[in-house]
Amino acid sequence: MQDSLGRQIDYLRLSLTGRCNLACIYCRGGAGDTEWPDAGEPGGGQDGELSMGEIKRIIPCTTALGIRKVRLTGGEPLLREDLEEIVAYLGSVPEIQDLAMTTNGQGLARRAAALKKAGLGRVNISLDSLKPGVYREITRGGDLEETLAGVRAALAWGLEPVKLNCVILKGRNDGEAGAFIALAREQPLHVRFIELMPFRTAAGIASAGMTSAEILETHGELRRLEPETGPVETAYAGKGFRGTVGFISPISQPFCRNCNRIRITADGKLKTCLGHNRELDLRSLLTGPDTALRSAVAESAIAKSAIAEEIARKPGGHHFGEGFVSQRTMDRIGG
Ligand code: SAM
């Protein structure tokens, strides 16, 4: 459907969990920032996460409103033991034409085949450093080799195009942009540099985010690719590259006027803008006190019209540059 600004909303990012096995310094709160609602329905996912049953009730409402592309995210989606089952369900929904997942890749190698067979189309793997020590430091404990094994498995099982999400931080991994670009030259990998967004966990290091222009300045070999450049990403490549290099610049070049996405958090809140605190509690629409009195058809009609109303009100743009403070960190929204 279109929102009130005429943007065609067809992309849902569905967070499956707020839990993560890494704690990237700019993404996740430290010790003491572990609050997470615990209001899941009996038999649902852990820690109040949407259950398979809830997902099966919510998804048809969104596809009826025009969602055609779904990305699974988190937290870390691989922590959901029923991930393959969720993928198989989403893969069976005829309206969903593109099913992707964003993951840190830890443990992906062991599950890539099963996920592909279940119907997963492709993966984006977050990878901020190619140096084991720096990777461990940024992720607070991650094993670089595990993630690289995940990248290899994704290529081997055809979870393609395989994209690598990389946030460059001054003083941490800013010397590695060239090594990432070399990966795109030598392998069919699509490296995407994403600008750091100032969530509260990133606040202490916000000044350390590197802009797309700063990275491009030192890489004159890259040429802009017109057909590959999309609504949120500017794509580049150099001569003989097997992959591409993308720049996602929400801070220096906001793309809100092209934004086609909505998000559902792991605890069932619909968010139509990453840079806005508005939320619609989908669970209360599905499991309100009078649920027993409603038929499934009536419940779905109520949820659909509430979702449509919320999409219509999607904010025109984020306010990251104007002191906006998100009540949720990225891992609690679904990046
Ligand atoms: N655990 C999965 C992963 O690591 O890809 C999925 C969730 S993670 C929140 C998704 C993406 O959000 C990662 O690529 C991460 O780098 C990005 N991210 C988190 N906080 C961010 C921030 N403040 N600015 C920009 N990107 C951020």
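Model, not experiment: these values are computed from the prediction.

**Here's the deal with the sheet that holds strand β1 (residues 11-15)**
Moving on, step 1. In spatial order, the strands read β7-β8-β9-β6-β5-β4-β3-β2-β1-β10-β11-β12; together these 12 strands make up an open sheet with mixed pairing. The outermost strands of the open sheet, each flanked by one partner alone, are β7 (223-224) and β12 (280-281).
Moving on, step 2. Sheet topology note: the strand β5 (residues 162-166)/strand β6 (residues 189-194) ladder contains five bridges and is parallel. Residue V162 lies in a different strand from β6, and its bridge partner there is L189.
Moving on, step 3. Where helix α5 (residues 144-156) meets the sheet, its contacts fall on β4 (122-126), β5 and β6, and the angle it forms with β4 comes to roughly 160 degrees.

**Focus: the pairing of β6**
Moving on, step 1. For β6, the buried fraction is high: six of the six residues fall into the buried class.
Moving on, step 2. Alternating positions in β6 separate into two faces, L189, V191 and F193 on one and H190, R192 and I194 on the other, with burial throughout.
Moving on, step 3. You can see the chain leave β5, run along helix α6 (residues 177-186) and come back into β6, and the turn it takes is right-handed.
Moving on, step 4. Both β6 and strand β9 (residues 244-248) contribute to a ladder of five bridges, which runs parallel. Its bridge partner lying in β9, V191 is registered against V245.

**Description of the site of the ligand**
Moving on, step 1. The full set close to the ligand counts 18 residues, and Y26, G75, E76, S126 and M197 are the nearest of them.
Moving on, step 2. Within the contact set of the ligand, a nitrogen atom lies 2.8 Å away from a backbone nitrogen or oxygen of G75.
Moving on, step 3. Residue M197 places a main-chain N or O atom 2.8 Å away from a nitrogen atom belonging to the ligand.
Moving on, step 4. In isolation the ligand exposes 550 Å². Once the protein is present, 95% of that is buried.
Moving on, step 5. Each residue belonging to the shell around the ligand can be placed in one class, and the counts come to seven nonpolar, nine polar and two charged.

Reading the values: rules and limits
- Residues numbered from 1 in each chain as written.
- Predicted model: local features only at pLDDT ≥ 70, side-chain atom pairs only at ≥ 80, totals over all residues.
- Heavy atoms only, no water.
- Pairing = 2+ DSSP bridges.
- Helix = DSSP H or I, 4+ residues; strand = E, 2+ residues; numbered from the N terminus.
- Contact = heavy atoms within 4.5 Å.
- Axes fitted to C-alpha atoms, helices over the stretch in contact; angles between N-to-C directions.
- Buried < 20%, exposed > 50% of the residue type's maximum accessible area, 1.4 Å probe, protein only.
- Right-handed = clockwise from strand over helix to strand, strands pointing away.
- Near = heavy atom within 4 Å.
- Polar contact = N/O pair within 3.5 Å; in protein donor to acceptor, adjacent residues only side chain to side chain.
- Areas by Shrake-Rupley, 256 points an atom, 1.4 Å probe, with all protein chains shown as cover.
- Nonpolar A, V, L, I, M, F, W, Y, C, P; charged D, E, K, R; others polar.

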